[in-house]
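The primary structure of each chain is shown beneath.
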Amino acid sequence: MGRPRPVTGPRRTSRAGRRDVCAARLDLLAAQLVRIHGVVPDERPRRYEAWTSPERVRARPGAPWERAVDVLRREPPEYEGCFLHRDFHPGNVLFTGAGDDARISGVVDWVETSWGPADLDVAHCSTALALLHGPEHGLGFRDRYQAHGGRPLADGPAHLYWRLLNALHYAPDAAALAGPWRELGRTDLTPEVLEDRLRAYVLGLMERYG
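Residues numbered from 1 in each chain as written. Predicted model: local features only at pLDDT ≥ 70, side-chain atom pairs only at ≥ 80, totals over all residues. Heavy atoms only, no water.

## Let's talk about the layout of surface pockets
Logical step 1: One number sums up the size of the largest pocket: a volume of about 300 Å³.
Logical step 2: Along its surface, the largest pocket is lined by 19 residues, and Ala 59, Arg 60, Trp 65, Pro 172 and Glu 195 are the ones closest to its centre.
Logical step 3: Going through the elements one at a time, α2 (63-72) and α7 (191-209) are the ones with two or more residues in the lining of the largest pocket.
Logical step 4: If you tally residues by element for the lining of the largest pocket, the top one is α7, at 6 residues.
Logical step 5: Its residues assigned to classes, the lining of the largest pocket comprises 11 nonpolar, 1 polar and 7 charged. (1 Å grid on protein atoms, 1.4 Å probe; cavity = no way out; pocket = protein on both sides within 12 Å on 5 of 7 lines; lining within 4 Å. Points joined across faces, edges and corners; volume = space filled by probe spheres on them. Helix = DSSP H or I, 4+ residues; strand = E, 2+ residues; numbered from the N terminus. Nonpolar A, V, L, I, M, F, W, Y, C, P; charged D, E, K, R; others polar.)

## Observations regarding the packing of helix α3 (residues 118-133) against helix α5 (residues 156-167)
Logical step 1: Close contact between α3 and α5 brings their axes to 8 Å; oriented N to C, the two are set at 45°. Overall, the two elements α3 and α5 adopt an arrangement that is oblique. Crossing of α3 against α5: the hand is right-handed. Side by side, α3 and α5 meet where Asp 119, Leu 120, Ala 123, His 124, Ser 126 and Thr 127 of the first sit next to His 159, Trp 162, Arg 163, Leu 165, Asn 166 and Ala 167 of the second. (Axes fitted to C-alpha atoms, helices over the stretch in contact; angles between N-to-C directions. Parallel < 35°, antiparallel > 145°, perpendicular 65-115°, else oblique. Left-handed = near helix turned anticlockwise from the far one by under 90°. Contact = heavy atoms within 4.5 Å.)

## Considering unusual backbone geometry
Logical step 1: Of note, the phi angle at Arg 86 is positive, near 80°, even though the residue is not glycine.
Logical step 2: The backbone phi angle of Asp 109 is positive, close to 65°, even though this residue is not glycine.
Logical step 3: Here Asp 109 lies in the loop between β3 (103-107) and β4 (114-116).

## Digging into the packing of aromatic side chains
Logical step 1: Under the defined criterion, the tally for this structure stands at 5 aromatic pairs.
Logical step 2: Considering the side-chain rings of Phe 83 and Trp 110, the 6.4 Å spacing of their centres and the 35° angle between planes classify their relative orientation as tilted. You can see Phe 83 sitting in strand β1 (residues 82-84) and its partner Trp 110 sitting in the loop between β3 and β4, a full 27 residues away along the chain.
Logical step 3: With relative accessibility at 36%, the residue Trp 110 sits in the partly exposed group.
Logical step 4: Between Tyr 161 and Trp 162, the aromatic rings sit 5.1 Å apart at their centres with planes inclined by 90°, giving edge-to-face as the arrangement.
Logical step 5: An aromatic cluster is present here, built from Tyr 48, Tyr 79, Tyr 161 and Trp 162 joined pairwise through their rings. (Phe/Tyr/Trp six-rings, centres within 6.5 Å; stacked < 30°, edge-to-face > 60°. Buried < 20%, exposed > 50% of the residue type's maximum accessible area, 1.4 Å probe, protein only.)

## Focus: the environment of Ala 178
Logical step 1: Relative to the helices and strands, Ala 178 is located in helix α6 (residues 178-183).
Logical step 2: Among the residues examined, Ala 178 registers a relative accessible area of 2% and is labelled buried.
Logical step 3: In this structure the C-alpha to C-alpha distance between Ala 178 and Leu 84, which are 94 residues apart in sequence, comes to 24 Å.
Logical step 4: Leave out the neighbours within four places in its chain, and Ala 178 touches Leu 189 and Leu 194.

## As for the pattern of salt bridges
Logical step 1: This model, assessed by the stated rule, comprises 7 salt bridges.
Logical step 2: With its nearest N and O atoms 3.1 Å apart, the salt bridge here joins Asp 155 to Arg 142. Residue Asp 155 is located in the loop between α4 (135-147) and α5, and its partner Arg 142 is located in helix α4; the two are separated by 13 residues in the primary sequence.
Logical step 3: For Arg 142, a relative accessible area of 6% gives the class buried.
Logical step 4: Three or more residues are tied together by salt bridges with common partners; here these are Arg 46, Glu 49 and Glu 112. (Salt bridge = Lys/Arg side-chain N within 4 Å of Asp/Glu carboxyl O.)

## Observations regarding the confidence of the model for the protein chain
Logical step 1: Residue-level pLDDT values for the protein chain average 89, and 90% of them are 70 or greater.
Logical step 2: For the stretch residues 11-20, pLDDT sits under 50, and the model shows 30 contacts to residues farther than four places along the chain or on other chains. (pLDDT = per-residue confidence, 0-100.)

## Regarding the side chain of His 85
Logical step 1: Note that His 85 resides in the loop between β1 and β2 (93-96).
Logical step 2: What makes His 85 buried here is its relative accessible area of 0%.
Logical step 3: One polar contact links the side chain of His 85 to the main-chain amide nitrogen of Phe 88, over a distance of 3.2 Å.
Logical step 4: Each residue touching His 85, except ones within four places of it in the same chain, is listed here: Ile 36, Asn 92, Val 107, Val 108, Asp 109, Trp 110, Glu 112, Thr 113 and Asp 121. (Polar contact = N/O pair within 3.5 Å; in protein donor to acceptor, adjacent residues only side chain to side chain.)

In structure tokens form, the structure reads like this:
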């Protein structure tokens, strides 16, 4: 089913990565992910793959990053598995319409489909939202997912593990996300902006769930 791709890039028919992301689109993303997690496949896909590990994380020295990496040194939490897209983020979701009339017309790039905790798909989309639009959007996506009837998610340190397993995939190179988006006009996504957003997002996760 392919290997994990380090770059989270947009599809040209999607506008969910624009600067002025609106609440309506965030809710559409959350509701769509709930529907994906409700899929019951005839044949269970492969187990999820972790896209980083403590040894692969490269971040600036300092207590916050070291504490975050230490979380990944724990054994993965137990979980109730479900069907995962595994690469669900704004660039893989196609929209039609604008504003409150926006609708999702399709979801693409299913090459990483797998079986694992719903937390991991929530984590991946949250990280993308944090980097594209600001930490507050990533930190708030779990609440939107649950408001739309999503699967039960882990709490506290267990949920933190899945969130950091995804977020730290972008350390050391959060800027790797920006290339395709910059081609579509997101010139605001400089390496400095992305690094600052990733740090703020990780700190926010540690404060909220640690």
